[in-house]
Each structure stands twice: as structure tokens, then as C-alpha cells.
Amino acid sequence: MKVFKTADIRNISLLGHRGSGKTTLIESLLYVKDYIKKKGDVEAGTTVSDFDKEEVRRLFSINTSLIPIEHEECKFNFLDTPGYFDFVGEVVSSLRVSGSAVLVVDATAGVEVGTEKAWRILEERKLPRIIYINKMDKGYVNYPKLLAELKDKFGKKIAPFCIPIGEKEEFKGFVNVVDEKGRIFNGKECVDAPIPADIDISEVKNLLFEAIAETDEELMEKYFAGEEFTRDEIIRGLHKGVVFGDIVPVIVGSALQGIGIHTLLDFIKLYMPCPTELFSGERIGKDPTTQVEKAVKITDENPFSAIVFKTLVDPFIGKITFFKVNSGILRKEAEVLNTSKNKKERIAQVITMQGNKQIELEELHAGDIGATTKLQYTQTGDTLCDKNFPVIFNKINFPKPNIFSGIVPAEKNDDEKLSTCIQRMMEEDPTFVMTRDYETKQLLIGGQGEKHIYIILCKIKNKFGVHAAVEDVIVPYRETILGKAEVQGKHKKQSGGAGQFGDVFIRFEHSDKEFEFFDEIKGGVVPKNYIPAVEKGLIEAKEKGCLAGYPVINFKATLYDGSYHAVDSNELSFKLAAILAFKNGMEKAKPVLLEPVVKMEIVIPEEYMGDVMGDLNKRRGRVLGMEPNEYGDQVLHAEVPEAEILKYSIDLRALTQGRGEFSYEFVRYEELPENISKKVIEERNK
């Protein structure tokens with residue numbers, strides 16, 4: 001593959017609801033540009049971009065694939081992203097480095113929830129986009145209705161650049177309104193043809209010309225004067241409108257048949273931005289030493305800098321690191337600095353990927369996307385740069401996990417091996433996390449959904465041969481006391497020679513603080529040098545309560561009396577005496593179980609509000625308030641027991657048809673209702 005300069009590069013993410021045809025579109029793009037002799041098939045598992053074993057088995061994309069394509073002296077770096085919400089991290093990382101997007105819409109399904117979510121992400125990042133309406137050759141397609149739905153959902157910036165010729169099974173091409181010519185599919189490819197007499201493009205053309213006029217004062221004057229725009233003026237005006245986000249072109253086609261593929265490529269070249277056209281041609285980072293903001297110009301003249309946006313872990317090849325060059329030129333055998341880790345790395349080779357096929361390159365210029373192998377320290381989100389030009393770009397803001405599961409190896413001696421494999425998967429997928437709860441001794445994994453976690457486990461099995469099973473999360477309950485008790489703890493032991501003697505009287509009562517210890521000893525009945533041992537004994541004892549063995553919190557212990565033996569007393573004796581007092585005191589001071597309560601922020605469309613609030617009530621939740629956000633959705637604030645939301649992501653998707661999102665954080669512990677408390681204690685003491 002040739003080396004391309006910045007102005008001739010386009011970086012495009014393919015987004016859309018699952019099943020909209022993104023991967024099939026990539027196959028058609030590769031086919032029409034002669035990269036493959038035969039189009040692969042998703043059902044047969046033969047596509048270029050879906051090469052992972054799990055993708056082939058499940059018939060949908062799990063990872064983002066890099067697919068570079070040359071078209072008319074330009075290089076298009078396509079990033080084919082998954083449509084399932086569980087793999088949203090792949091979308092987030094791709095959009096960090098792409099300057100534009102093609103939003104693929106299934107003509108038979110209309111605007112689906114995945115389309116809405118993709119649009120919102122693009123709006124937040126202010127990225128230019130083209131909408132490609134796929135599957136126009138299928139049944140049940142109503143183009144005017146679909147266009148009206150797009151405008152209703154996404155506003156007046158929706159601009160049809162094409163009008164279909166024929167509908168459903170009769171679909172055979174379209175009219176390119178900009179070029180004022182027809183494109184007819186002849187069974188093999190689309191060829192130019194006259195505009196059918198029954199299609200009037202004047203209204204659509206006038207709307208486009210009006211949008212063009214609004215991009216430039218001179219064009220506006222020309223428009224009102226009734227003068228015709230030249231082709232260069234049309235392209236320049238549309239390009240400006242698309243890049244600024246004022247115009248979103250809509251084109252139609254069939255990825256399976258190969259209809260609209262050449263037009264899509266032409267539109268990407270004409271209307272999508274090169275890397276220098278967005279964000280003033282700069283990327284903002286920081287000086288790693290001073291933390292002062294540093295603007296990096298996207299130009300070959302600057303020293304090298306890049307952001308790592310993806311890592312692929314292969315048990316045979318090793319680690320493949322994907323990055324976008326933000327400035328300078330990268331050549332193989334270069335030594336670069338990883339400013340995120342403050343480590344030097346050697347770039348053994350510069351490659352690009354076409355699915356899982358490696359293509360060696362001589363160099364990569366500013367704005368281009370590429371990869372390298374066998375970097376030792378570098379992870380997704382890190383910055384690589386010239387050691388004499390230190391800069392660190394912001395980390396990629398990945399979504400936090402919203403569902404957790406316990407995990408155990410199928411073979412007991414695989415515990416350490418499983419932990420290592422999970423670490424490797426975390427390098428590949430930053431939205432997947434592992435943590436160990438040292439209180440419950442449970443190894444936990446978290447992800448974006450049940451499917452996400454299950455597929456990660458399948459990958460571990462396929463790549464590393466380690467089998468693992470999931471189990472329910474153990475809720476970290478607590479115990480406390482509501483009453484007051486004064487008890488004695490006396491430890492006395494005689495076994496020849498010096499004995500052991502410690503005697504304490506301690507008052508236990510509830511406290512708003514996690515643990516308080518007070519010394520009210522008078523007259524030296526317990527020597528001062530033994531009092532820290534009493535506190536130490538209580539701290540040790542409170543890790544295991546009397547009801548179900550959970551840690552005890554929110555209590556105050558006051559040492560108010562005791563006695564000692566001049567010879568047999570020591571620190572250990574008083575520590576053991578305190579432990580005895582704790583056990584007695586807890587039983588007598590009305591012990592109760594506490595459960596963790598989390599604060600939730602749930603974002604849902606207005607129409608699902610009643611269902612979601614009703615569901616929260618069933619979960620013993622309390623709604624604190626609600627407010628609309630900038631997109632017209634409702635943001636619901638609630639407090640809910642953690643035990644009730646362990647699999648909430650599954651239920652919320654079902655309640656809202658996938659449109660709901662939530663996050664949560666721990667706030668406090670509250671008393672567990674008696675009927676639930678009994679069940680927890682019985683289960684714990686089995």
C-alpha cells in the first residue's frame with residue numbers, strides 16, 4: 001500500500017444498529033476496489049472484518065476492524081464498529097481517532113435504537129457524517145416515510161442527496177441529485193443513466209442549493225440573484241456544510257448488491273474532512289512535566305506524536321497496537337517515548353491491517369492510522385511521541401461497567417492462569433474490568449452487559465484454553481447494633497509458669513461514625529500500656545459480627561473498668577479479653593444486618609418513565625427527583641439497595657427497548673428489612 005500525505009487521508013467510522021449491514025458494506029467496498037475477488041458472507045463467516053472466532057460463530061461484530069481502502073489517490077481508513085451496545089467501548093475508541101462517520105440504516109427497520117445512540121455520540125463529538133440507507137432492495141421499504149422519520153428524529157440538517165429509482169424488489173438504482181444523473185444497477189455494477197421521467201428532483205435540488213447558499217455570503221448573494229452555481233461552488237458549499245455539521249447527506253443503496261458503493265466513496269472524498277479540517281487542525285494535549293496545555297498541529301513538520309486507540313491480543317503474534325498519528329512522520333526502527341508510562345518503546349515495524357491481514361508500510365504521516373507489534377509497555381489510551389517533543393493526550397473516556405459477575409476457574413489450579421488471561425483481555429477491552437473483593441474473597445469481572453461478559457469468557461477459552469464459570473455476586477452486607485450493652489470480657493489462663501490475665505468492662509452502643517473507641521479508665525485499674533491492646537482487639541473482632549459473620553460498623557466502644565494481674569497480665573491477654581467482650585456485647589445490643597445502598601442516575605426517554613419508576617419501587621428504591629437533559633430524555637435520580645440492581649442492565653434494556661442507560665455509586669449502609677435479613681442469615685450460616 002502506498003504512503004499518503006495528510007490532505008489525502010480520510011478516517012471514517014462505520015456506525016449503526018446491529019444487523020444494519022456495516023460488515024457487508026465493507027465487503028462491497030473491498031470488492032469494488034479489487035481488494036478481494038469474491039465478497040465474503042456474514043452467515044458463512046467469510047468476511048474480512050469479522051475474523052475473530054466468536055464473531056464468526058455468532059454472526060455479528062465484536063471488535064472494531066481497520067480496513068484501509070485506496071480511492072482516486074486518497075486513502076480511506078474505515079473503522080468497522082460493532083452494533084451491539086455491549087461493545088460500545090469499540091465505538092468510543094474508534095470515534096476518538098476518526099474524523100467522520102457513515103451511519104448505516106436498515107431501510108426495512110427504520111431508525112432503530114442503535115441509530116439513535118450512534119447519532120447522539122456523533123453529535124456530542126461534533127463529527128461530520130453521511131447516512132447510508134441500506135437494504136433498499138428488500139421488502140417493506142417506504143423511502144418517503146423513512147426520510148420523514150430521519151428528519152423528525154435528527155432535524156432539518158438531514159439532506160437527501162439521492163432519490164431511489166423503484167422500491168422494494170423493484171429497486172434498481174437512484175438519482176444522484178448533486179450530479180443530476182441516474183445510477184442504474186445492471187446486475188453487476190451501477191452505471192450512469194438518464195433520470196427517469198417520473199422523478200422530479202427540483203424540490204430536493206432547491207433545498208440543497210439553499211443549504212449551499214447558507215455556507216457562504218457570496219453564494220448567498222448568487223442564490224438570491226437567481227444565478228446558477230458552478231460545480232466547484234456546489235462541491236465547496238456542500239463540503240463546508242457537511243464538515244460544519246449543518247448538512248448530513250442521505251444516500252441509498254444495497255450493500256449486498258453493491259448499489260451506491262461508488263457514490264459513497266465519491267461522497268466521502270468530496271465531503272468528508274481530511275484530518276486538518278476539524279478542531280482547527282490541532283489536537284490538545286498537555287506537557288507531561290508542567291501539565292500546561294499543549295496544542296499539537298496536525299502536520300508532518302512537527303515531531304512525531306500519536307494516540308493509541310486499540311489493542312489486539314493474539315496468543316501467537318503477541319500484542320498489536322493501533323494508533324493514530326497526530327503529528328510528524330513515523331518510520332520503522334524509530335525509538336519513541338510513551339509519556340503515559342514514561343517508558344521508551346521501539347517501533348520494530350509500521351503496518352496497517354486489513355481485518356487480520358498485516359500490510360507493511362514504509363512510514364505513516366500525520367493524520368494516518370496504523371499499527372505496530374510487540375510494544376512492551378503501551379496500552380490503549382496511551383500517548384506515543386518523539387522523546388524531544390513530550391506531550392500527553394487525554395485518555396479515552398470509556399464507559400464504566402454496569403454489570404458484575406463472580407468468576408471461578410473450572411479447574412482449581414487454574415486460578416492464577418485465569419487471572420493472567422483476564423488481564424490480557426483487559427488490555428484488549430478497557431470497558432472490561434477485574435477486581436477482587438477481599439472481604440468476600442470473590443474474584444469479580446465487570447462489563448457492559450451479560451453478553452459482553454459471556455463473550456469475554458469465550459475468548460479466554462478460545463485464545464488461552466482456560467475454562468471459567470460465572471457465579472452470582474456476593475453482596476457485602478454489614479452488621480451494627482441499635483441498642484446498648486455493658487459487658488465484661490475476662491481472659492484467664494494458667495499453664496505453668498507465667499499465666500495470662502486480662503479483664504475489661506466495655507460499653508457498646510450505636511454511633512454515626514464507623515468505629516469509635518473511648519478510654520474512661522480511672523485509677524489505673526487497667527494500665528495505660530494495655531489500653532491500645534484493647535482497641536486492637538476490638539478492631540480485629542469487628543471484622544466478624546455475631547449474626548452472619550459480616551464486618552460490624554457504626555458502633556462506639558467505651559472501656560470504663562477492668563482489672564489486671566501484676567505478673568500474668570500482658571497486651572495479648574487484654575486483646576483477647578476485648579474480643580470476648582465484643583462477642584458478648586454484640587449479642588446483647590440488638591444486632592441488625594445492614595445492606596449497601598447505591599445512588600443511581602438513570603437516563604431514559606419520557607415514554608418509559610412510568611415503567612421504570614414502577615420497577616424501582618419493586619426493588620425497594622426511592623426516587624429522589626428527575627430532570628430533562630439536552631436531548632429531551634429524563635434523568636432519574638434514585639437510591640436503591642445494591643442487592644436489587646446486580647443485573648439491572650439486563651432489565652433496564654428490556655424495559656426501554658435498549659434506550660435506557662444508568663450509572664451508580666455507593667452512598668451508605670441501611671438496615672435490612674427483617675424478612676430479608678432472616679434469609680441472608682440463614683443462607684450465610686448454612
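Up top you'll find the structure we're talking about.
Residues numbered from 1 in each chain as written. Predicted model: local features only at pLDDT ≥ 70, side-chain atom pairs only at ≥ 80, totals over all residues. Heavy atoms only, no water.

A. Summary view of unusual backbone geometry. The phi angle at Lys135 is positive, at roughly 60 degrees, despite the residue not being glycine. The backbone of Lys441 sits at a positive phi, close to 65 degrees, despite the residue not being glycine. Looking at where Lys441 falls in the secondary structure, it is placed in the loop between β26 (433–437) and β27 (442–447). (Helix = DSSP H or I, 4+ residues; strand = E, 2+ residues; numbered from the N terminus.)

B. Seen up close, the side chain of Asp287. Relative to the elements of secondary structure, Asp287 occurs in the loop between β12 (282–286) and β13 (293–297). No salt bridge forms around the buried Asp287; measuring N to O, its nearest opposite-charge neighbour Lys294 is 4.5 Å away. Setting aside residues no more than four positions away along its own chain, Asp287 makes contact with Val292, Lys294 and Pro390. (Buried < 20%, exposed > 50% of the residue type's maximum accessible area, 1.4 Å probe, protein only. Lys, Arg positive; Asp, Glu negative; His and termini not counted. Salt bridge = Lys/Arg side-chain N within 4 Å of Asp/Glu carboxyl O. Contact = heavy atoms within 4.5 Å.)

C. Representation of the sheet that holds strand β10 (residues 190–193) in the model. If you walk across this open sheet you meet the 4 strands as β7-β8-β9-β10, and the pairing is antiparallel. On the outer flanks of this sheet lie β7 (162–165) and β10, each paired with one strand and no other. For this sheet, the mean inter-axis angle between neighbouring strands, taken without regard to orientation, is 30 degrees. The sheet contact formed by strand β9 (residues 181–185) and β10 spans 4 bridges and is antiparallel. Considered in β10, the bridge of Gly182 is made with Ala193. (Pairing = 2+ DSSP bridges. Axes fitted to C-alpha atoms, helices over the stretch in contact; angles between N-to-C directions.)

D. Up close: the packing of aromatic side chains. Summed over all chains, the structure comprises 19 aromatic pairs. Pairing Phe60 with Tyr84 gives two aromatic rings, centres 4.3 Å apart and planes at 45 degrees, and the pair type is tilted. Within this pair, whereas Phe60 is found in the loop between α2 (53–58) and β2 (65–71), its partner Tyr84 is found in the loop between β3 (74–80) and α3 (88–97), the two being separated by 24 residues in sequence. Seen from their ring centres, Phe515 and Phe555 are 5.1 Å apart, and the 50 degrees between their planes marks the pair as tilted. One end of the pair, Phe515, is in strand β32 (residues 515–519); the other, Phe555, is in strand β33 (residues 555–563), with 40 residues separating them in the sequence. Ring pairing ties together the aromatic residues Phe508, Phe515, Phe555 and Phe582, which thus form one cluster. Seen from the ring of Tyr560, Arg507 lies directly overhead, with NZ or CZ sitting 5.0 Å from the centre. Above the plane of the ring of Tyr550 lies Arg684, whose end atom (NZ or CZ) is 4.1 Å from the centre. (Phe/Tyr/Trp six-rings, centres within 6.5 Å; stacked < 30°, edge-to-face > 60°. Lys NZ or Arg CZ within 6 Å of the ring centre and 35° of its normal.)

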